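This is what each chain is made of:
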Amino acid sequence: MRIYEYAKAPNCRRVRVFLAEKGLDMEFVQVDIASGENLTPEYRARDANAKVPVLELSDGTCIAESVAIQRYLEELHPEPALFGRDPRERALVEMWNRRADFNLMFNIGMNFQHSSGFFADRMELFPEFGRECGRKAMQFLSTLDQHLASSPYLVDEYYSVADISMLCALDFGKVVKIRPDASEHPNLVRWHTAVSQRPSARA
């Protein structure tokens, strides 16, 4: 198996942190999305959406989308369980994983795409939409802080793939200056410090 990735991309980091938590090694192939290498017919044959990461199996099957890759690897290597250990945990992990995607990763991503000009050569930019997405991401930090006031991780005392997703989304916020403030978001800062100190966070 090998993974096609762009090391700086937050969704690629999600998979690398997941692999590190599982103690799994993987071959990585770098795809330069800045130069448009992901837009070539050869790459689109692996993923019609031309995104990273993509997991390529030994039989040639290609699995795109970071969560799909994580779920596949969880099936192959169920311990330590990162998607939940019982029905309640699995549901709550799914809930917070989706909130990480919809409330933080999406909004930060749209803020970056529509305000940085990184993809100006391949998409129409809507700066006001980007700014609005940035405002929504900042608002969500307060929601996170309130939740983490009574929980060390997103799902009680259980570190999960949802924490990985939220960490990678929050760290991606650096590129658009969306960061938690110690005075306004003390619980979020405490959580971020804790999960950042895990060895896997350096993957």
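Conventions used here
Residues numbered from 1 in each chain as written. Predicted model: local features only at pLDDT ≥ 70, side-chain atom pairs only at ≥ 80, totals over all residues. Heavy atoms only, no water. Helix = DSSP H or I, 4+ residues; strand = E, 2+ residues; numbered from the N terminus. Rg over C-alpha atoms; globule rule 2.2 N^0.38 Å. Axes fitted to C-alpha atoms, helices over the stretch in contact; angles between N-to-C directions. Parallel < 35°, antiparallel > 145°, perpendicular 65-115°, else oblique. Left-handed = near helix turned anticlockwise from the far one by under 90°. Contact = heavy atoms within 4.5 Å. Nonpolar A, V, L, I, M, F, W, Y, C, P; charged D, E, K, R; others polar. Buried < 20%, exposed > 50% of the residue type's maximum accessible area, 1.4 Å probe, protein only. Arc of directions from axis to C-beta. Polar contact = N/O pair within 3.5 Å; in protein donor to acceptor, adjacent residues only side chain to side chain. Phe/Tyr/Trp six-rings, centres within 6.5 Å; stacked < 30°, edge-to-face > 60°. Lys NZ or Arg CZ within 6 Å of the ring centre and 35° of its normal. Core = buried A, V, L, I, M, F, W, Y, C linked by side-chain atoms within 4.5 Å. Salt bridge = Lys/Arg side-chain N within 4 Å of Asp/Glu carboxyl O.

Colleague: Tell me about the overall build of the chain, and please be specific about residues and values.
Modeller: If you tally the helices and strands in the chain, you get seven helices and four strands. The linear arrangement of helices and strands in the chain, starting from the amino end, is β-α-β-α-β-β-α-α-α-α-α. Relative to the 2.2 N^0.38 estimate, which gives 17 Å for 203 residues, the radius of gyration of the chain is 17 Å and therefore close to what a compact globule would have. The principal-axis extents of the C-alpha atoms in the chain amount to approximately 50 × 45 × 25 Å.

Colleague: Outline the packing of helix α1 (residues 10-22) against helix α6 (residues 161-172), listing residues and values.
Modeller: Two elements in contact, α1 and α6, have axes whose closest approach is 9 Å; the angle formed by their N-to-C orientations is 140°. Taken together, the axes of α1 and α6 lie oblique to each other. Between α1 and α6 the crossing geometry is right-handed. Touching Pro 10, Arg 13, Arg 14, Val 17, Phe 18 and Glu 21 of α1 are Val 161, Ile 164, Ser 165, Leu 167, Cys 168, Asp 171 and Phe 172, all from α6. Residues that form the contact of α1 with α6 fall into these classes: eight nonpolar, one polar and four charged.

Colleague: Quick rundown of helix α3 (residues 66-76)? Include the residues and the values.
Modeller: Every buried residue of α3 is listed here: Ser 66, Ile 69, Gln 70, Leu 73 and Glu 74. Each buried residue of α3 sits inside an arc of 135° when the element is viewed along its axis, so together they form one side. Contact partners of the buried residues in α3: α1, β3 (54-56), β4 (62-64) and α6.

Colleague: Any chance you could break down the side chain of Glu 56 for me, citing the residues and the numbers?
Modeller: With respect to the element layout, Glu 56 can be found in strand β3. In this structure the side chain of Glu 56 is engaged in a polar contact, spanning 2.6 Å, whose partner is the side chain of Arg 2. A polar contact of 3.2 Å, which involves the side chain of Glu 56, links it to the side chain of Tyr 4.

Colleague: A description of the packing of aromatic side chains should follow, citing residues and the corresponding values.
Modeller: Scanning the model with the defined rule gives four aromatic pairs in all. Over the aromatic face of Tyr 159 sits the side chain of Arg 198, whose NZ or CZ is 3.6 Å from the ring centroid.

Colleague: Any chance you could break down the nonpolar core for me, citing the residues and the numbers?
Modeller: Proteins that are soluble and globular tend to have nonpolar side chains buried together. If you look at the biggest cluster of nonpolar residues, it comprises 57 residues, and the most contacted ones within it are Val 52, Trp 96, Leu 104, Leu 144, Met 166 and Trp 191. When residues of this core are assigned to their parent elements, the largest contribution, nine residues, is made by α6. For Trp 96, the contacting residues outside a window of four places in its chain are Phe 140, Leu 144, His 147, Leu 154, Val 155, Ala 162 and Met 166.

Colleague: Tell me about the pattern of salt bridges, and please be specific about residues and values.
Modeller: By the definition in use, this model includes 15 salt bridges. The salt bridge involving Glu 42 is made with Arg 46; its shortest N-O contact spans 3.8 Å. We note a salt bridge from Arg 135 to Glu 132, for which the minimum N-O separation is 2.8 Å. Here Arg 135 and its partner Glu 132 are both found in helix α5 (residues 127-148), three residues apart, which amounts to about one turn of the helix. Owing to a relative accessible area of 31%, Glu 132 belongs among the partly exposed residues under this scheme.

Colleague: Go over the environment of Gln 113 with me, naming the residues and quoting the values.
Modeller: By the secondary structure assignment, Gln 113 is in helix α4 (residues 87-116). Separated by 34 residues in sequence, Gln 113 and Glu 79 have C-alpha atoms that sit 36 Å apart. With residues up to four places along the chain from it excluded, the contact list for Gln 113 reads Phe 119, Met 123 and Leu 125.

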